[in-house]
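The primary structure of each chain is shown beneath.
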Amino acid sequence: MHTSREGGRTDGRMTTSTIPQVPSTTAAVAVEGVSHEYETHDGVLLRALDGIDLSVRDGEFVSIVGPSGCGKTTLLRIVAGLIEPATGRARVLGGEPEAARAERAFGLVAQEPGLLPWRTVAGNVALSFELAGRRADPAEVSTLLGHAGIERFADYFPRELSGGMRQRVALARALAHGPRVLLMDEPFGALDEFSREELRLELLRLWERERPSVLFVTHAIREAVLLSDRVVVLSRRPGRVVADVPIDLRRPRDAGVEDTPAFLDHVARVRDALREAGG
Amino acid sequence: MTARRPDVADMLDDAPGAAVPGPDDSPDAADQADGTVEVIRQPEQGQRRRGRAVAWLRAGARAGWPPLLVAVLALAVWEAWIRIREVPDYLAPSPTAVADALAADPTRFLGAGAVSLQHAMGGLVLGAGGAFALGAVMAHSHRLERALYPFALMVKVTPIVAIAPLLIIWFGFGDAPKYVVAGLITFFPMLVNAVTGLRTVDAAAHDFFRAMDASRWQVFLRLRLPASLPYVFAALRISVPLALIGAVVAEWMSADSGVGQLIVIAHGDFDTPALFGAVVVLAAIGIALTGGLALVERRLLFWHESVREW
């Protein structure tokens, strides 16, 4: 199913183009003409998003990059059904975001890990099972922790862990119930560079296991290129899609890919698009 | 709870730069990555429990001796002053006279204390419990909060002494008015703290619950309720002594039971040592309740900054 990506072109001749729109029924995530605005405390109405069209195919890893304040987070929250767009709509797995939520189709990782400080690492991961309405099997939880490289810390409380480890727990929790759509909002944004590097590769490794569809918000261009099949570039507020850059790099990827000319070429392409967008 | 594994906990603490490979004395991130942090010491199961008990006793002794010393000194000065100046008992009794009064009829004092304790606790359950339930409702709806808050405030600003006689008229001379007075006086602190606590949830955690389609009940039980506990305990620290005051005021007004009645009788008899004895009983109950509350708080809030030992 994913073999088409193997051996993709790395000659740097691809053009910045819009991927043909997949009919929304087959796309994991489809954002159709979404605009959104919000009111500031002094009554100014700001347009955050302006006519966004975007789709994530089943099993695809799509990143959204853009200058800060371009509405990336808002877009992600709209996809998750946490907020209603002013116009347009988001479809997830062919239905309403609320329906996808009810099916526990989402895994959510935000910049803040959002762990429960009164629960151990294992308890935090078990939360996903509990919210999905089933008992957490200790063996299952411990397997998950093993995948995320945190088995050793099962009985620790979040405050006893470093920022990077906490984010690993958040990742394990988000993947615990086998979500089909993983939504990530600058998950490594608050980490130091070293942990960030490490977690990117960890995320790739975890993603390869089940290959959920991913919508990944970031402002780090290299990160977006390393992880994604496609990078969508948003403009400064109000956010508009200004480029949709396919990343034709061989999978599975590792740290070595970052030193290849093809990688740097993709990075340059995304950077140019961002510059044109006024970022 | 951190005391369980202080060594590892310190190593993993979220100090800035802790995850960056750096000075030799800090574990580097690569170690953490595959979960092979060097464990310097690992307490055995039994040792761990015993160690904790010993640590508790030590901590108790360390916290206990300074106030004890002050108490002994104050009592000594008090006793000396009364004896030197030959102050009569009915004006101000010496500590030994108070002790004599307590020892002369211990069941009288203990019995009255037990009744007052019961009134205070009953009122607390009624008042603080009701306030928490109402707070849970108000935390979910700003409109309901706006509608009900003025009336909650009315309860708060009305001096309890002013309505106590009314309550006795309504509820008679049984236990009921004591529960009601103690309940009313504990109501407001719990209400305000419950609303704030139940609303103060980690935004990222709340988003996760919502993305998982958690029901309101799941959010309440697994997120809001535990998150509110630091506020609930802050309220209890205010409400527990207040409950005792409320109970004694009600007993004093109807003069039919508890330490309140004891005070009325002792006052009428010019039995100042017994009056002081009543105060000692109340103080002992208050200290025991507050201390017990602190213990429970430390156990339940091990995860919260407020009980963290820096």
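Before reading further, recall that the structure is shown in the block above.
Reading the values: the criteria
- Every chain begins its residue count from 1, and numbering advances along the sequence as written.
- The lettering of chains begins at A and the numbering of ligands begins at 1, in the order of writing.
- Since the coordinates come from a predicted model, pLDDT governs what is reported: local features require at least 70, and pairs of side-chain atoms require 80 or more to be given and counted, while whole-chain, interface and lining totals use all residues.
- Counting from the N terminus, the helices are the DSSP runs of H or I reaching at least four residues and the strands are the DSSP runs of E reaching at least two.
- This radius of gyration counts C-alpha atoms alone. The globule rule is 2.2 Å times how many residues there are, raised to the power 0.38.
- The exposure scheme places C-beta atoms from the backbone and then counts, for each residue, the other C-beta atoms within 10 Å of its own, assigning buried at 20 or more, exposed at 12 or fewer, and partly exposed in between.
- Note that contacts rest on C-beta atoms placed from the backbone: two residues are in contact if these are within 7 Å.
- Residues are sorted three ways: Asp, Glu, Lys and Arg are charged, Ala, Val, Leu, Ile, Met, Phe, Trp, Tyr, Cys and Pro are nonpolar, and all the rest, Gly among them, are polar.
- Lines fitted to C-alpha atoms define the axes, with helix axes restricted to the stretch in contact, and inter-axis angles between N-to-C directions lie between 0 and 180 degrees.
- Here roughly perpendicular refers to angles of 65 to 115 degrees, roughly parallel to angles under 35, roughly antiparallel to angles over 145, and oblique to all remaining angles.
- Throughout this description, the term nonpolar core refers to a group of buried Ala, Val, Leu, Ile, Met, Phe, Trp, Tyr and Cys residues whose C-beta atoms join them within 7 Å.
- At least two DSSP bridges between two strands are needed for those strands to be called paired.
- Handedness of a crossing follows from how the near helix is turned relative to the far one, being left-handed for an anticlockwise turn of less than a right angle and right-handed for a clockwise one.

**Comments concerning the overall build of chain A**
Stage number 1. Along its length, chain A carries eight helices and nine strands.
Stage number 2. By the compact-globule yardstick of 19 Å for 279 residues, chain A fits well, its C-alpha radius of gyration being 18 Å.
Stage number 3. Structurally, chain A occupies a C-alpha span of about 50 × 50 × 35 Å along its principal axes.
Stage number 4. For chain A, with 279 residues in total, the buried portion stands at 49%.
Stage number 5. Sequence separation of at least 24 residues holds for 73% of the intrachain contacts in chain A that already meet a minimum separation of 6.

**A word on the overall build of chain B**
Stage number 1. Across its full length, chain B holds 12 helices and zero strands.
Stage number 2. Each helix (α) and strand (β) of chain B, taken in turn from the N terminus, gives the series α-α-α-α-α-α-α-α-α-α-α-α.
Stage number 3. Within the span of chain B, comprising 310 residues, buried residues form 32% of the whole.
Stage number 4. In chain B, the proportion of contacts linking residues at least 24 apart, taken out of those at least 6 apart, comes to 73%.

**Considering the interface of chain B and chain A**
Accessible area lost upon the coming together of the parts serves often as the stated size of an interface.
Stage number 1. Listed by partner, the interface residues are 27 residues for chain B and 35 residues for chain A.
Stage number 2. Among the secondary structure elements, those contributing two or more residues to the side of chain B that touches chain A are helix H1 (6-12), helix H2 (29-33), helix H9 (203-211) and helix H10 (216-254) of chain B.
Stage number 3. Classifying every residue of the side of chain B that touches chain A by side-chain character gives 17 nonpolar, three polar and seven charged.

**Let's talk about the environment of A:Leu191**
Residue and element names in this part refer to chain A.
Stage number 1. Within the fold, Leu191 resides in the loop between strand S6 (181-185) and helix H6 (193-210).
Stage number 2. Distance from Leu191 to Glu112, taken between C-alpha atoms, is 9.9 Å for residues 79 residues apart in sequence.
Stage number 3. Excluding its chain neighbours within four sequence positions, the residues that come into contact with Leu191 are Gly163, Gly164, Gln167, Arg196 and Leu199.

**Looking at the packing of helix H5 (residues 106-140) of chain B against helix H11 (residues 258-268) of chain B**
All names here are of chain B.
Stage number 1. Orientation of H5 relative to H11, taken along the N-to-C sense of each, is 130°, at an axis distance of 6 Å. With respect to their mutual orientation, H5 and H11 come out oblique. Here Ala112, Gly113, Val115, Ser116 and His119 of H5 lie close against H11, whose contacting residues are Gly258, Val259, Gly260, Gln261 and Leu262.
Stage number 2. Along the lines of polarity and charge, the residues of the contact of H5 with H11 split into four nonpolar, six polar and no charged.

**Considerations on the nonpolar core**
Stage number 1. Core analysis: the largest hydrophobic core is formed by 93 residues, its most contacted members being A:Val79, A:Val125 and A:Val233.
Stage number 2. The dominant element in this core, judged by the number of residues it contributes, is helix H5 (residues 163-175) of chain A, at seven residues.
Stage number 3. Excluding its chain neighbours within four sequence positions, the residues that come into contact with A:Val79 are A:Val29, A:Val31, A:Ala90, A:Val92, A:Pro97, A:Leu183 and A:Leu215.
Stage number 4. With 55 residues, the next largest nonpolar core counts B:Phe109, B:Ala182, B:Val248 and B:Val259 among its residues.

**Observations concerning the sheet that holds strand S8 (residues 230-234) of chain A**
Consider a sheet: its strands pair through backbone hydrogen bonds, and that pairing is either parallel or antiparallel.
All names here are of chain A.
Stage number 1. Taken in spatial order, the six strands of this open sheet run S5-S6-S7-S3-S8-S9, and their pairing is mixed. The sheet is open, and its two borders are formed by strand S5 (106-109) and strand S9 (241-246), each paired with just one other strand. Strand-to-strand twist across the sheet, computed as the mean angle between neighbouring axes with direction ignored, equals 15°.

**Let's talk about the pairing of S9(A)**
Residues and elements named next belong to chain A.
Stage number 1. Strand direction decides the pairing type here: S8 and S9, joined by five bridges, are antiparallel. Paired with Val231 across the two strands is Val245, which belongs to S9.
Stage number 2. Adjacent in sequence and paired antiparallel, S8 and S9 are bridged by six residues.

**Observations regarding the sheet that holds strand S2 (residues 45-56) of chain A**
All names here are of chain A.
Stage number 1. As summarised here, the arrangement of the three strands in space is S2-S1-S4, forming an open sheet in which the pairing is antiparallel. Looking at strand neighbours, the two that pair on one side only are S2 and strand S4 (87-92), the edges of this open sheet. Neighbour-to-neighbour, the strand axes of this sheet turn through a mean angle of 25°, independent of strand direction.
Stage number 2. Helix-sheet contacts for helix H1 (residues 72-79) involve strand S1 (29-39), S2 and S4, and the interaxial angle to S1 is about 120°.

**Some words on the packing of helix H8 (residues 176-199) of chain B against H10(B)**
Each pair of packed helices can be described by the angle between their axes along with the distance between the axes.
Residues and elements named next belong to chain B.
Stage number 1. Where H8 meets H10, the axes come as close as 7 Å, and the angle between the chain directions of the two elements is 160°. If you check the angle between H8 and H10, you find them roughly antiparallel. Crossing hand, H8 versus H10: right-handed.
Stage number 2. Of the residues that constitute the contact of H8 with H10, the class distribution is 22 nonpolar, eight polar and three charged.

**A few points about unusual backbone geometry**
With the exception of glycine, the majority of residues adopt a negative phi angle, and the majority of peptide bonds are in the trans configuration.
Stage number 1. Of note, the amide linkage connecting A:Arg251 to A:Pro252 takes the cis form, showing an omega dihedral of -10°.
Stage number 2. Locating A:Pro252 in the fold gives a position in the loop between S9 and helix H8 (261-276).
Stage number 3. Positive phi, close to 50°, is recorded for A:Arg211, a residue that is not glycine.
Stage number 4. Inspection of the secondary structure puts A:Arg211 in the loop between H6 and strand S7 (213-218).
Stage number 5. Within the chain, B:Glu86 stands out as a residue other than glycine whose phi angle is a positive 50°.
Stage number 6. Here B:Glu86 is to be found in the loop between helix H3 (45-85) and helix H4 (95-104).
Stage number 7. Its 6 C-beta neighbours within 10 Å are what place B:Glu86 among the exposed residues.

Functional significance is not addressed by these values, which are geometric in nature.
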